[in-house]
Structure formats: C-alpha cells, structure tokens
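Geometric and topological summary
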Amino acid sequence: MTEHTFDLVVLGGGSGGYAAALRAAELGKSVALVERDRLGGTCLHRGCIPTKALLHAAEVADTVRSASTSGVQATLGGFDPIAMIAHRRSIVDRKTKGLEGLIARRGITVVAGSGSLTSDRAVRVGDDLYRGTDIVLATGSFSRTIPGIELGERIITSDAALTLERIPERVIVLGGGVIGVEFASAWRSLGAEVTIVEGLDRLVPNEDATLSASLERAFRRRGIVSKLGARVASAVESADGVRVTLEGGDTLEGDTLLVAVGRGPATSGLGLEHAGVALERGFVVVDESLRTNVPGVWAVGDITPGLQLAHRGFQQGIFVAEQIAQLAPAPIDERLIPRVTYSSPELASVGITQAAAEELYGAEGIKSVEFDLAGNARSEILGTRGLVKVIRKVDGPVVGVHLVGDRVGELITEGQLAVAWDAHPEDIAPLIHAHPTQSEALGEAFLALAGKPLHSL
Ligand code: NAD
C-alpha cells in the first residue's frame with residue numbers, strides 16, 4: 001500500500017467535487033481529486049449539458065415549424081438522432097477538455113479510479129491510500145427506479161435516453177418532475193406522442209401552483225397528455241413496445257417508457273458506514289457548514305439532503321473549500337438558489353411559493369401579482385406565452401419570483417437579487433428595464449406591487 005498525503009482529498013469529480021478542488025487549490029491547498037470516470041460528473045456527461053443540447057435541437061425544430069409566422073419559408077426535413085448524439089458529444093467533449101485543462105493548471109492531482117473511505121479516515125484507491133487533513137465526499141446521485149419496474153431496452157432512465165439512437169414515437173414518461181417534463185417537451189418537439197404519468201395532482205409539484213397550471217395548459221396545447229394523480233402499478237416491455245398498467249387498472253401502450261421518479265444519493269459501496277459517517281435514507285447527514293459527524297470529513301452536492309442542482313453543488317464546493325482555508329464564508333441559503341426547468345415553455349423560480357409564503361406569513365400577510373407575457377412585446381415577437389408572478393410581504397420585501405415562458409431562465413437572476421437583498425418592490429420600481437425585453441415583464445410586476453402599474457390594471 002502506497003501512501004500519499006495532501007491537504008485535501010476530494011472523492012468525486014462532479015460539480016460539487018471539482019468546485020471544492022478548484023477553490024481549495026486557488027487558496028493554496030494541495031489537492032487530490034479522485035474520479036473513476038471523466039471529470040464533470042452527471043451534470044456534464046449525463047445531465048444538464050447533454051439534455052440542454054437535446055432541448056436546443058427540439059427548439060430548432062419548433063422554430064422551423066413556426067418560421068412561416070414571421071414570413072420565413074422553411075420546411076422541416078426530418079431528424080437525425082445519430083447526428084444529435086454527435087452534437088451533444090462534441091459539446092460535452094469540449095467542455096470536459098476545458099475542465100481537465102483548468103484542473104491541471106491549478107496543480108490538482110487527478111487520481112483515476114474508484115475510491116472508498118477507510119475506517120482511519122483516508123481514501124483508498126486500489127493499492128493506494130490518499131490521506132488528507134480534510135476529505136470532501138462528492139459522489140453525486142443516480143436515477144432511481146421503482147419496485148416492479150425493471151429497466152431494459154425500452155424501459156429506460158434519463159441516462160439511456162441520452163444515448164438512444166432513435167426518437168421514440170409513442171413515449172410514456174413516468175414522473176412529471178423536472179426530468180420528466182424536460183424529456184416530454186423535447187420528444188414532443190421531435191414528433192413523438194407523449195403521455196406523462198404523475199403521481200401527485202400537478203406537474204412540477206415542487207414549483208408554485210401557478211407555474212404547474214401554466215405548464216399543464218401549455219403542454220395540453222402542444223398535445224402532451226398529462227395523467228395526474230396516477231400511479232404506475234407495473235410495466236412490461238416486449239420486443240416492440242411497452243405496456244404500463246396504472247393503479248386502478250387502466251393501461252397505456254407505447255414504444256418507450258422513461259422512468260423519471262427522482263435521483264438517489266450515490267453513497268453505497270463507499271465504506272461510509274464502516275468509517276462511521278452518519279447516513280439518513282442514503283443521504284449523508286451534514287450540519288449547516290456541510291460537516292459530517294466525522295471530524296475533517298465534509299459532504300457536498302447530491303449526496304446531501306436538499307435541491308439536487310449542479311449550481312448548488314458548485315456553491316457548496318466553494319463554501320467547504322473556503323472553510324478548510326480558514327475563511328468564514330456565509331452559509332448557503334437554499335431559498336436563494338434559482339431553479340430553472342428547460343422545457344418549452346421554460347420555468348424559473350427563486351424564493352418561496354405562494355403556498356409557503358401563506359403558511360409563513362398568513363394569506364393576509366402577503367401580496368402577489370401576475371403579469372401575463374401577452375402584455376410583453378418581446379415575448380409576443382418570440383411567440384411565447386407565459387407569465388411572471390412576484391410575491392412580497394405586505395409592506396415588505398420580495399420573497400418569491402416565479403416565471404413561465406420561453407427563455408425566462410435568463411431572467412431569474414434579477415429575481416434572485418431582489419429576494420437575496422430583501423428588496424422592496426418600491427426599491428426596484430425606479431430601475432428602468434430596457435425596452436423591448438422580456439425583463440420588462442418583471443419590471444411591470446414590481447411596478448404593480450409598488451402600487452403603480454404601467455401596462456396592467
Ligand atoms: P423530481 O423529484 O423532480 O420528480 C419526480 C416526480 O416523479 C415527482 O413529481 C413525483 O411525484 C413523481 N413520482 C415519483 N414516483 C412516482 C410514481 N410511482 N408514479 C407516478 N409519479 C411518481 O425528480 P426528477 O425529475 O427525476 O429529477 C431528479 C433531480 O434532478 C431533481 O432534484 C431535479 O431537480 C434534478 N434535475 C434538475 C434539472 C434542472 O435544474 N433543470 C434537470 C434535471 C434534473
């Protein structure tokens with residue numbers, strides 16, 4: 001057994017792990033980053049980046065279909081799924097090479113292989129032992145399935161969906177959360193018949209109910225069927241199709257079933273229990289500083305309870321590295337993490353929902369306004385419907401911003417600043433929004449909440 005000593009050993013080179021490594025190296029620490037695959041994790045290889053490339057292809061198809069409305073003659077000739085995969089791969093490859101270069105330039109030692117935690121608090125990779133004054137666990141998550149549903153050629157999770165060399169023609173999507181609605185949206189744009197089966201009574205149930213209702217309407221107009229409050233009892237695949245039986249006995253048939261019922265923490269087989277790291281339902285138990293119960297061992301990203309988002313992982317990685325370097329960074333407020341769902345229409349939100357605000361401050365303690373994108377010229381030009389909803393405490397700050405409409409993901413940062421800085425709508429109302437932009441819709445909502453609506457009543 002060969003021993004290597006570093007200030008910091010990071011187990012997992014995804015968003016959370018590599019951010020911790022980069023920041024720690026920047027702060028003068030010697031760092032080993034253990035990764036069994038290519039650097040970049042789920043987000044870069046099987047998540048955020050390839051799915052957004054797929055959704056971009058879907059948007060291009062929709063743009064071609066609707067080209068004539070703006071006087072451009074274009075015809076949609078068809079789809080080449082192999083070329084789409086190649087497009088996704090070329091983007092992922094370039095980003096991976098960029099990341100590898102960055103990691104190398106910061107002097108970080110990348111250790112290729114599967115690591116596990118030993119009982120004397122080191123990371124073992126094959127016959128090598130990596131000791132760190134601090135250790136960061138950042139092993140990410142995996143696609144969950146549900147009992148009674150076996151994955152196969154046609155019953156797949158998002159991992160296999162991204163390497164599928166065909167575009168499904170009749171697809172059933174199990175789970176109307178973020179992954180479910182993103183794939184439903186993309187495949188519909190690429191010509192598939194899509195049915196979403198969601199166990200709760202609305203799509204994207206973690207979002208404000210107004211966003212769910214707006215997305216459900218938009219999907220209905222696009223011909224996507226949503227079966228809400230419906231749970232799958234069983235699913236079987238044959239050579240040419242899948243048959244899904246719902247609780248209650250109804251059946252659905254298609255050529256593909258996407259299982260998108262959440263992601264579980266990748267914490268088994270890492271020796272964590274043996275090393276004494278406390279787990280709860282598979283997640284690593286951490287305090288507000290992201291320390292585990294074992295001194296010197298920290299955890300970041302999808303293995304910690306909370307939002308499973310790459311940008312949360314980045315921030316957590318930076319936060320831990322700064323604490324290791326004896327800085328005193330402010331704890332991360334999960335409420336201020338922006339959330340974007342890249343379906344068409346897009347959803348974006350930050351802060352709390354109306355239901356949460358009512359629970360906290362009472363229905364009389366808050367005020368919310370909605371501004372319909374129909375009143376926003378840029379949205380009209382782009383051909384998107386949707387809305388902006390802003391919630392404030394009565395005579396107090398903005399506590400939630402919720403958006404629906406194509407491209408609204410790019411607008412959420414303004415909402416984030418408003419919520420994070422406890423801004424009152426009256427503070428924002430004098431700030432001029434450029435005309436004509438979609439951001440004016442947010443400006444209109446702030447104006448209305450400040451009691452001086454311009455283009456609304
Ligand atoms: P999710 O938790 O967002 O949604 C899963 C959905 O499946 C829920 O609505 C749940 O009610 C439903 N469900 C669960 N079991 C069911 C059953 N038996 N029958 C019917 N419905 C059932 O999970 P996800 O969509 O798989 O995404 C996983 C994680 O990845 C999430 O945390 C998500 O935020 C993250 N992610 C984020 C993005 C993004 O930010 N754009 C994109 C993809 C994934």
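Residues numbered from 1 in each chain as written. Predicted model: local features only at pLDDT ≥ 70, side-chain atom pairs only at ≥ 80, totals over all residues. Heavy atoms only, no water.

Side note on the nonpolar core
In terms of nonpolar packing, the biggest core is built from 33 residues, with W187, V194, I196, F219 and L258 touching the most fellow members. Where this core is concerned, the elements lending two or more residues are α3 (48-65), β9 (170-174), α6 (178-189), β10 (193-198) and α7 (209-221). Apart from the residues lying within four places of it in its own chain, the contact partners of I196 are V173, G175, G176, V181, A184, L203, F219, I224, V225, S226 and K227. (Core = buried A, V, L, I, M, F, W, Y, C linked by side-chain atoms within 4.5 Å. Buried < 20%, exposed > 50% of the residue type's maximum accessible area, 1.4 Å probe, protein only. Helix = DSSP H or I, 4+ residues; strand = E, 2+ residues; numbered from the N terminus. Contact = heavy atoms within 4.5 Å.)

Regarding the sheet that holds strand β14 (residues 251-254)
One open sheet holds the three strands; their spatial order is β12-β13-β14, and the pairing between them is antiparallel. With partners counted over all chains shown, the strands left at the sheet margins are β12 (232-237) and β14, one partner each. Averaged over all neighbouring strand pairs, the angle between strand axes comes to 15°, with direction disregarded. Pairing geometry for β12 and strand β13 (residues 242-246), over five bridges, is antiparallel. Each bridged residue has a counterpart across the sheet, and for S234 the counterpart in β13 is T245. (Pairing = 2+ DSSP bridges. Axes fitted to C-alpha atoms, helices over the stretch in contact; angles between N-to-C directions.)

Section: the pairing of strand β15 (residues 256-259)
Side chains T256 and L258 of β15 all project onto a buried face; the interleaved residues L257 and V259 project onto the opposite face, where all are buried too. In this sheet, β15 lies alongside strand β8 (residues 155-156) in parallel orientation, the contact comprising two bridges. Bridging from a neighbouring strand, I156 pairs with L258 of β15. Examined bridge by bridge, β9 and β15 share four bridges and lie parallel to one another. Bridge assignment links V173 to a residue of β15, and that residue is L258.

With respect to the UniProt feature "binding site: FAD" (unreviewed entry) in the protein
Annotation from UniProt places "binding site: FAD" (unreviewed entry) at K52, G115, T139, G140, S141 and D302. The largest pairwise C-alpha distance within this set of annotated residues, which runs over 251 residues, is 30.1 Å, so the set is dispersed in three dimensions. Tracing the sequence through the fold places K52 in helix α3. Turning to its location among the elements, S141 is positioned in strand β7 (residues 141-143). When residues no more than four places from it in sequence are discounted, the contact partners of S141 are T42, R263, G264, P265, A266, D302 and Q308. (UniProt positions renumbered as here; feature names shortened; annotations may be inferred.)

Considering the pattern of salt bridges
Tallied over the entire structure, the rule returns 16 salt bridges. The closest approach of N and O atoms between E322 and R23, which form a salt bridge, is 2.7 Å. Of the two residues, E322 sits in helix α8 (residues 310-324) while R23 sits in helix α1 (residues 15-26), which places them 299 residues apart along the sequence. Residue D93 pairs with R38 through a salt bridge whose shortest N-O separation is 3.0 Å. You can see D93 sitting in helix α4 (residues 81-105) and its partner R38 sitting in the loop between β2 (31-35) and α2 (41-45), a full 55 residues away along the chain. By relative accessible area, R38 is classed as partly exposed at 30%. Three or more residues joined by partner-sharing salt bridges are found here, namely R23, E26, R106 and E322. (Salt bridge = Lys/Arg side-chain N within 4 Å of Asp/Glu carboxyl O.)

Describing the UniProt feature "binding site: NAD(+)" (unreviewed entry) in the protein
The sites that UniProt annotates as "binding site: NAD(+)" (unreviewed entry) are G175, G176, G177, V178, I179, G180, V181, E182, E198 and G262. Annotated residues spanning 88 residues; largest pairwise C-alpha distance 13.8 Å, indicating a single compact cluster. With respect to the element layout, G177 can be found in the loop between β9 and α6. Sequence-distant contacts of G177, defined by excluding residues within four places in its chain, comprise E198 and V204. Counting through the fold element by element, V181 comes out in helix α6. Classification of V181 as buried rests on a relative accessible area of 0%. In this structure V181 touches G176, I196, L203, V204, L215, F219, T341 and S343, once residues within four positions along its chain are discounted.

Side note on the sheet that holds strand β23 (residues 387-393)
With respect to topology, five strands assemble into an open sheet ordered β20-β21-β24-β23-β22, the strand pairing being antiparallel. Unpaired on one side and paired on the other, β20 (339-341) and β22 (366-372) mark the two borders of the sheet. Averaged over all pairs of adjacent strands, the angle between strand axes in this sheet comes to 10°, irrespective of strand direction. Bridge count for β22 against β23 is seven bridges, and the pairing is antiparallel. Bridge pairing in β23 places I366 opposite K393. The strands that helix α11 (residues 412-420) touches are β20, β21 (347-351) and β24 (398-404); relative to β24, the one it contacts most, it runs at about 170°. Relative to the sheet, helix α13 (residues 439-449) contacts β22, β23 and β24, its axis offset from that of β23 by approximately 35°.

Remarks on the site of the ligand
In the vicinity of the ligand lie 24 residues, with I179, E198, G199, G262 and V340 positioned nearest. Note that a nitrogen atom of the ligand is positioned 2.9 Å from one of the backbone N or O atoms of G199. The contact in question runs from an oxygen atom of the ligand to an N or O atom on the backbone of G262, over 2.8 Å. For the ligand, whose free accessible area comes to 840 Å², the fraction covered by protein is 80%. For the shell around the ligand, the secondary-structure elements that each account for two or more residues are α6 and β10. Tallying contributions element by element places α6 first for the shell around the ligand, with three residues. By residue class, the composition of the shell around the ligand is 14 nonpolar, five polar and five charged. (Near = heavy atom within 4 Å. Polar contact = N/O pair within 3.5 Å; in protein donor to acceptor, adjacent residues only side chain to side chain. Areas by Shrake-Rupley, 256 points an atom, 1.4 Å probe, with all protein chains shown as cover. Nonpolar A, V, L, I, M, F, W, Y, C, P; charged D, E, K, R; others polar.)

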